[in-house]
Amino acid sequence: MGLKSDRYNILPPVNNNTIPPTTATAAVVASLNTPRFTYHISASFAAKQRRFSPTANVFNFNPYNRVQESARRKSRPDAGQDAFFVSRINDSGAVATGVADGVGGYAESGIDSADFSHTFCERMATAAHHASLDNINAKQLIETGYRRILDEDQIAGGASTACVGVAKPDGQLNVANLGDSGFLIIRQGKIHYASNPQTHDFNTPYQLAMIPKKLLAQARQFGGGPFSDDPNDAFVSTHLLRHGDVIIFATDGVWDNLSSQDVLRIVSDEMVTGKGWSSNTDGILPSAHLETVAASTEGSGIQTAVAKAVASRAKSASINTKFDGPFAREVQRLFPGENYHGGKKDDVCVVCMVVVEAKGSTAPKL
């Protein structure tokens, strides 16, 4: 029961009734006359049972949209048990985002952890939307989302990992990671930071759980039972971002099938081809066109291209039976007798954040 597997995506802020979540895009804008950073964000996802669609399996964040919670499964992205959220933080110019990966082992008890991961992300998005910038961090969002699920007691149960970030207008990024989802900060064509997974054992990540009373009773009687970790177990890190940085948040459907170097190559190719970065004798640097190519209002910002490229490659690798990905190589290392080759079929979820510094911004406050 402690084993994780597929996870699913949540639909973050949705506009009143006018802009569909798969076409809206924008950045969190800066306040007046202060050097600020804006964050251009898109997500892409794919369920392990379905083909990846570059037109349907994408979400482009618009900070002007308000958060709406939904209990309807049909309103959620088609990404298995993975979930994600993106939300502005009040009117501060800051943004919160993250991914969650529902634990598939609960299916043995007739429970779909997609309900847990989606509800979890919806609660975090709502909490972020109404928070004060001076009194919020990533671990607090995880704590708030998790406690609200337990207090509401509206779902049957389930469990999820979490990787959540809060990016402030001054360029400070605070991240809390619990489990084997994770994130990369890519700067000037190099990996600046890579998170480490938290696991109890192989393929058994740290997880937040809502354990049904029946399972608790069985565990007391027979021993064992599912894991249930605490938000305080999350590893917290803080980073100072720079103009041109790209941050990738992703579930293990990506990391089990692509190495960090694979993701770096994909991101670099898309950023250079899309004119977000320029490559010359001095190396890779943010281009003069970065703000323009990231601020597209037609759903074609460079962050969208990056998110889709990473999700698409991870999806392809997950069903490739000939090329051994990170998960297969780890199985071979730990269990030499196993004849495991190829990718690991799983849900995939990617959130891409492109950082743009706007000095002397005159953009209106949200």
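Report on the accompanying structure. Starting from 1, residues in each chain are numbered consecutively following that chain's sequence as written. Thresholds applied to this predicted model are a pLDDT of at least 70 for local features of residues and 80 or more for the giving and counting of side-chain atom pairs; totals over whole chains, interfaces and linings are not thresholded and use all residues. Note that water and hydrogens are dropped before the side-chain values are worked out from all heavy atoms of the structure.

**Quick look at the overall build of the protein chain**
Phase 1 of the analysis: Helical segments are the DSSP runs of H or I of at least four residues, strand segments are the runs of E of at least two, and each set is numbered from the N terminus. Broken down by element type, the protein chain carries 8 helices and 18 strands.
Phase 2 of the analysis: Any residue under 20% of the maximum accessible area for its type is buried, any over 50% is exposed, and the rest in between are partly exposed; the area is computed with a 1.4 Å probe on protein chains only. By residue count, 58% of the 366 residues in the protein chain fall in the buried class.
Phase 3 of the analysis: The contact criterion used throughout is that any non-hydrogen atoms of two residues lie within 4.5 Å. Nonlocal contacts in the protein chain, meaning residues at least 24 apart in sequence, comprise 77% of its contacts between residues at least 6 apart.
Phase 4 of the analysis: Method for areas: the Shrake-Rupley scheme with a 1.4 Å probe, in which residue coverage is limited to the protein chains shown. When the accessible surface of the protein chain is split by element, carbon and sulfur atoms take 48% of a total near 15,400 Å².

**Section: helix H1 (residues 113-129)**
Phase 1 of the analysis: The end-to-end C-alpha distance of H1, which contains 17 residues, comes to 24 Å, matching closely the 24 Å that a straight helix rising 1.5 Å per residue would cover.
Phase 2 of the analysis: For H1, the N-terminal capping position is held by aspartate 112, with its side-chain oxygen 2.9 Å away from the main-chain nitrogen of alanine 114. In this scheme, a helix's expected span is set at 1.5 Å multiplied by one less than its residue total. Whenever two N or O atoms come within 3.5 Å, that pair is a polar contact, provided that in protein one can donate a hydrogen and the other can accept it, and provided that, for residues adjacent in sequence, both atoms are side-chain atoms.

**Here's the deal with the sheet that holds strand S5 (residues 94-101)**
Phase 1 of the analysis: Two strands qualify as a pair provided that DSSP identifies no fewer than 2 bridges between them. As summarised here, the arrangement of the 5 strands in space is S4-S5-S7-S8-S14, forming an open sheet in which the pairing is antiparallel. The open sheet has two edge strands, strand S4 (82-89) and strand S14 (235-240), and neither has a second partner. Across the sheet, the axes of successive neighbouring strands diverge by a mean angle of 10°, strand direction being ignored.
Phase 2 of the analysis: In this structure, S5 lies alongside strand S7 (residues 162-167), joined through 5 bridges in antiparallel fashion. Each residue of the ladder has a partner; that of valine 95, found in S7, is alanine 167.
Phase 3 of the analysis: Convention adopted: a line fitted to C-alpha atoms gives each axis, helices being fitted over their contacting stretch, and angles between N-to-C directions are expressed from 0 to 180 degrees. Its contacts with the sheet place H1 against S4, S5 and S7, and it is angled at close to 5° to S4.

**Description of the side chain of threonine 251**
Phase 1 of the analysis: Position of threonine 251 among the secondary structure elements: in the loop between strand S15 (246-250) and helix H4 (252-255).
Phase 2 of the analysis: Using a relative accessible area of 0% as the deciding quantity, one classes threonine 251 as buried.
Phase 3 of the analysis: Sequence-distant contacts of threonine 251, that is, excluding residues within four places in its chain, are made with Asp82, Val99, Ala100, Asp101, Ser181, Asp347, Val348 and Cys349.

**Regarding the packing of aromatic side chains**
Any pair of aromatic rings gets described here by the distance separating the centres and the angle formed by the planes.
Phase 1 of the analysis: Between the rings of Phe, Tyr and Trp (Trp by its six-membered ring), a pair exists once the centres lie within 6.5 Å; its type follows the angle of the planes, with under 30 degrees stacked, over 60 edge-to-face, and the other angles tilted. Applying the stated criterion across every chain yields a total of 9 aromatic pairs.
Phase 2 of the analysis: With a centroid separation of 5.5 Å and 55° between ring planes, the pair formed by phenylalanine 59 and phenylalanine 84 is classed as tilted. Here phenylalanine 59 is found in strand S3 (residues 58-60), whereas its partner phenylalanine 84 is found in strand S4, with 25 residues between them in sequence. Grouping residues by exposure puts phenylalanine 59 and phenylalanine 84 together as buried.
Phase 3 of the analysis: Between phenylalanine 327 and tyrosine 340, the aromatic rings sit 5.4 Å apart at their centres with planes inclined by 65°, giving edge-to-face as the arrangement.

**Some remarks on the pairing of S4**
Phase 1 of the analysis: Burial runs high along S4: 8 of the 8 residues are buried.
Phase 2 of the analysis: Alignment of S4 against S5, held across 8 bridges, turns out to be antiparallel. Bridging across to S5, isoleucine 89 finds its partner in alanine 94.
Phase 3 of the analysis: Linking two consecutive strands that pair antiparallel, namely S4 and S5, is a turn of 4 residues; a positive phi of about 50° is found at asparagine 90 within it.

**Focus: helix H5 (residues 260-273)**
Phase 1 of the analysis: End to end, H5 covers 20 Å across 14 residues, agreeing with the expected 20 Å (1.5 Å per residue, within 8%).
Phase 2 of the analysis: Considered for burial, the residues of H5 that qualify are Asp262, Val263, Leu264, Ile266, Val267, Ser268 and Met271.
Phase 3 of the analysis: Downstream of H5 by one or two residues, lysine 275 has phi in the positive range, about 70°.

**Topic: the pattern of salt bridges**
Once the charged atoms of two side chains with opposite charge are near each other, the side chains can pair.
Phase 1 of the analysis: Any Lys or Arg side-chain nitrogen found within 4 Å of a carboxyl oxygen on Asp or Glu counts as a salt bridge. Under the criterion given, the structure shown has 13 salt bridges.
Phase 2 of the analysis: Here arginine 88 and aspartate 91 are joined by a salt bridge, their closest N and O atoms 2.7 Å apart.
Phase 3 of the analysis: For arginine 88, a relative accessible area of 14% puts it in the buried group.
Phase 4 of the analysis: Several salt bridges converge on common partners, so that one network encompasses Arg76, Asp115, Glu122, Arg123 and Glu152.

**Side note on the nonpolar core**
Phase 1 of the analysis: By size, the foremost hydrophobic cluster in this structure holds 33 residues, and its most contacted members are Ile248, Val254, Val263, Val267, Met271 and Val354.
Phase 2 of the analysis: Elements that contribute at least two residues to this core include exactly strand S9 (182-187), S15, H4, H5, helix H6 (290-294), helix H7 (302-318) and strand S18 (348-358).
Phase 3 of the analysis: With 8 residues, H7 is the single largest residue contributor to this core.
Phase 4 of the analysis: Residues within four places of isoleucine 248 in sequence aside, it is in contact with Gly182, Phe183, Leu184, Trp255, Val263, Val267, Val306, Val350, Val351 and Cys352.
Phase 5 of the analysis: Among buried residues, the Ala, Val, Leu, Ile, Met, Phe, Trp, Tyr and Cys ones that are joined through side-chain atoms within 4.5 Å form a nonpolar core. Counting residues in each nonpolar core, the second largest holds 29 residues, with Ala83, Cys121, Ala138 and Ile149 among its members.

**Some thoughts on the packing of H1 against helix H2 (residues 138-152)**
Phase 1 of the analysis: Running from N to C, H1 and H2 point in directions that differ by 120°, and their axes come no closer than 8 Å. With respect to each other, H1 and H2 are oriented oblique. The element H1 and its partner H2 pack so that their crossing is right-handed. On H2, the residues touching Phe116, Thr119, Phe120, Arg123, Met124, Thr126, Ala127 and Ala128 of H1 are Leu141, Ile142, Thr144, Gly145, Tyr146, Arg148, Ile149 and Glu152.
Phase 2 of the analysis: Note on residue classes: Ala, Val, Leu, Ile, Met, Phe, Trp, Tyr, Cys and Pro are nonpolar, Asp, Glu, Lys and Arg are charged, and everything else, Gly too, is polar. Taken together, the residues that form the contact of H1 with H2 break down as 9 nonpolar, 4 polar and 3 charged. Working definition: roughly parallel below 35 degrees, roughly antiparallel above 145 degrees, roughly perpendicular at 65 to 115 degrees, and oblique for all remaining angles. Here is the rule for handedness: rotate from the far helix to the near one, and if that takes an anticlockwise turn smaller than a right angle the crossing is left-handed, while a clockwise turn gives right-handed.

**Observations regarding the packing of H5 against H7**
Phase 1 of the analysis: Across the interface, H5 lies against H7 with an axial gap of 9 Å and an inter-helix angle of 145°. The crossing of H5 and H7 is right-handed. Between H5 and H7, the residues in contact are Val263, Ile266, Val267, Glu270 and Met271 and Ile302, Ala305, Val306, Ala309, Val310 and Arg313, respectively.
Phase 2 of the analysis: Grouping the amino acids of the contact of H5 with H7 by side-chain chemistry returns 9 nonpolar, no polar and 2 charged.

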